[in-house]
Amino acid sequence: RFIAKPCAITLGIEDSGPRRAQPNAILEKVFTSITKSPDGKRLEGLSKQLDWDVRKIQRWFRHRRNQDKPTTLTKFCESMWRFTFYLSIFFYGIRFLWTAPWFWDTRQCWYNYPFEPLTSRLYYYYILELAFYWSLMFSQFTDIKRKDFLIMFVHHLATIGLITFSYMNNMVRVGTLVLCLHDASDFLLEAAKLANYAKYQRLCDAFFMLFGVVFIVTRLGIYPFWILNTTLFESWELIGPYPSWWLFNGLLVTLQILHIIWSYLIIRTAYKALVRGKVSKDDRSDVESSSEEEDVTSNSTKTVFSTSSNGSNRINGHVASGQWPEE
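Residues numbered from 1 in each chain as written. Predicted model: local features only at pLDDT ≥ 70, side-chain atom pairs only at ≥ 80, totals over all residues. Heavy atoms only, no water.

If you check an unreviewed UniProt entry, the protein appears there as CERS5 synthase from Bucorvus abyssinicus.

Here it is, written out as structure tokens:
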């Protein structure tokens, strides 16, 4: 409210929502009481009742659905908050772990386990991360429901479960490595979305490409060969098959599966960006293109990248028609 909003206004981001649907009592009643996406049979009935073309009614429902989406200013403020948190917690973690012996030798995570001291810096690092992911868990139900809702829900559950479980079992050393590794790419994604909302397309594309590289290197390279290696093999070697070994590693492997899914989506988006010259529409965009935009895009003799009605574009959100989905 006091920092992000003034920054957005300075960058020329207006607090204007998507195009509002034409007032119509009959369609509004159908939208609020029956369905937000009527099928063909209902569309034909409404067409006869209102003497409207079916395409016009479809367009009305599309505009009405988009009307409830948050504005670009709201999305910018949310992304700026997440960018601030991810960047701050990442540098806090790096500064803390740089002098930690287990950062350089993962076998140190298991020496003298479970009697490893819990320092105040380590404690606050854990509590901040846990609080933030709980906030994401709750806000997911109040935010726009996106196509990757289930994946994100599983991710938040696995993350909260891992943080809580590792804290209760004093596996905080390896836990800090997992947290820091995940924070390494998240702030780059939010930076890309901020640049997109401000309509700095080249900067947006650059941040997204950097995010993609860091994400794939950390989640498909460092994570399995550094983190999973120590939790699956080094821990077994040094302290034996402790009772919670299967549950702990099961949650970590679940995260790895999600990493693979997201990496595929990122690579696909990056490929489209190279083909089209800029980052293109993301599958989890929360705004539907209007039929007018579709007509312009399909009939134009040159490349036209339309702007979605509310300027939105979270993978964890990617770019949509030059716009990023919120996350």
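That was the structure; now back to the text.
## What to know about empty space enclosed by the protein
Inclusion rule: Points on a 1 Å grid over protein atoms alone make up a cavity when a 1.4 Å probe fits among them but cannot get out, and a pocket when they form an open set with protein on both sides within 12 Å along at least five of seven lines; lining residues each have an atom within 4 Å of a point. Grid points are joined across faces, edges and corners, and a volume is the space filled by probe spheres set on the points. Helix and strand definitions follow DSSP, with helices as H or I runs of at least four residues and strands as E runs of at least two, each counted in order from the N terminus. When residues are grouped by polarity, Ala, Val, Leu, Ile, Met, Phe, Trp, Tyr, Cys and Pro land in nonpolar, Asp, Glu, Lys and Arg in charged, and all others, Gly among them, in polar.
Considering only enclosed or pocket space, the largest cavity measures out at about 160 Å³ in volume. In terms of lining residues, the largest cavity is bounded by 16 residues, among which Leu162, Ile163, Gly175, Val178 and Leu179 are the most central. Sorting the residues of the lining of the largest cavity by element identifies helix H7 (120-142), helix H8 (149-168), helix H9 (172-197) and helix H11 (245-276) as the ones contributing at least two each. Here the element with the most residues in the lining of the largest cavity is H9; it accounts for six residues. For the lining of the largest cavity, the per-class residue count stands at ten nonpolar, four polar and two charged.

## Some thoughts on the confidence of the model for the protein
Note the threshold: The score called pLDDT rates the predictor's confidence residue by residue, from a low of 0 to a high of 100. The contact criterion used throughout is that any non-hydrogen atoms of two residues lie within 4.5 Å.
Here the protein averages 79 in pLDDT, while 80% of its residues score no lower than 70. Per-residue pLDDT stays below 50 along residues 280-327; that stretch engages in 170 contacts with residues further than four places along the chain or on separate chains.

## Structural notes on the UniProt feature "transmembrane region" (unreviewed entry) in the protein
Applied cut-off: UniProt positions are given in the numbering used here, feature names are shortened, and annotations may be inferred rather than shown by experiment.
Taken from the UniProt record, the annotation "transmembrane region" (unreviewed entry) applies to residues 83-103, 123-142, 207-226 and 246-267. In residues 83-103, the share of helix is 86% and the share of strand is 0%. The end C-alpha atoms are 24 Å apart. Here residues 207-226 is 100% helix and 0% strand, with 26 Å between the C-alpha atoms at its ends.

## A look at the packing of helix H3 (residues 40-50) against helix H4 (residues 54-67)
Just so we agree on the cut-off: Between N-to-C directions, angles span 0 to 180 degrees; the directions come from axes that are lines fitted to C-alpha atoms, helices contributing only their stretch in contact. Here roughly perpendicular refers to angles of 65 to 115 degrees, roughly parallel to angles under 35, roughly antiparallel to angles over 145, and oblique to all remaining angles.
Between H3 and H4, the shortest axis-to-axis distance is 9 Å and the interhelical angle comes to 110°. Classified by the interaxial angle, the pair formed by H3 and H4 is roughly perpendicular. The residues of H4 that touch H3, namely those facing Leu43, Leu46 and Ser47, are Val54, Ile57, Gln58 and Phe61. Across the contact of H3 with H4, the residue classes tally to five nonpolar, two polar and no charged.

## Digging into the nonpolar core
The condition that has to hold: Only buried Ala, Val, Leu, Ile, Met, Phe, Trp, Tyr and Cys residues count toward a nonpolar core, and they belong to the same one when joined by side-chain atoms within 4.5 Å. Each residue's exposure class comes from its accessible area (1.4 Å probe, protein chains only) as a fraction of the maximum for that residue type: buried when under 20%, exposed when over 50%, partly exposed otherwise.
Ranked by internal contacts, the top residues of the largest apolar core, which has 55 residues, are Leu97, Trp102, Tyr223 and Phe248. Put simply, the parts of the chain that give this core at least two residues each are helix H5 (72-97), helix H6 (101-104), H7, H8, H9, helix H10 (201-239) and H11. Other than its neighbours up to four places away in sequence, Leu97 contacts Trp102, Phe103, Trp104, Thr176, Leu177 and Cys180.

## Remarks on the environment of Ala158
Structurally, Ala158 can be placed in helix H8. In sequence terms Ala158 and Gly250 are 92 residues apart; their C-alpha atoms lie 9.5 Å from each other. When neighbours within four sequence positions are excluded, Ala158 is seen to be in contact with Leu251 and Leu255.

## Quick look at unusual backbone geometry
For the bond from Tyr113 to Pro114, the omega torsion is 10°, close enough to zero to count as cis. Here the phi dihedral of Asp51 falls at roughly 60°; this positive angle occurs in a residue that is not glycine. Positionally, Asp51 belongs in the loop between H3 and H4. Residue Lys199 is not a glycine yet carries a positive backbone phi of 65°.

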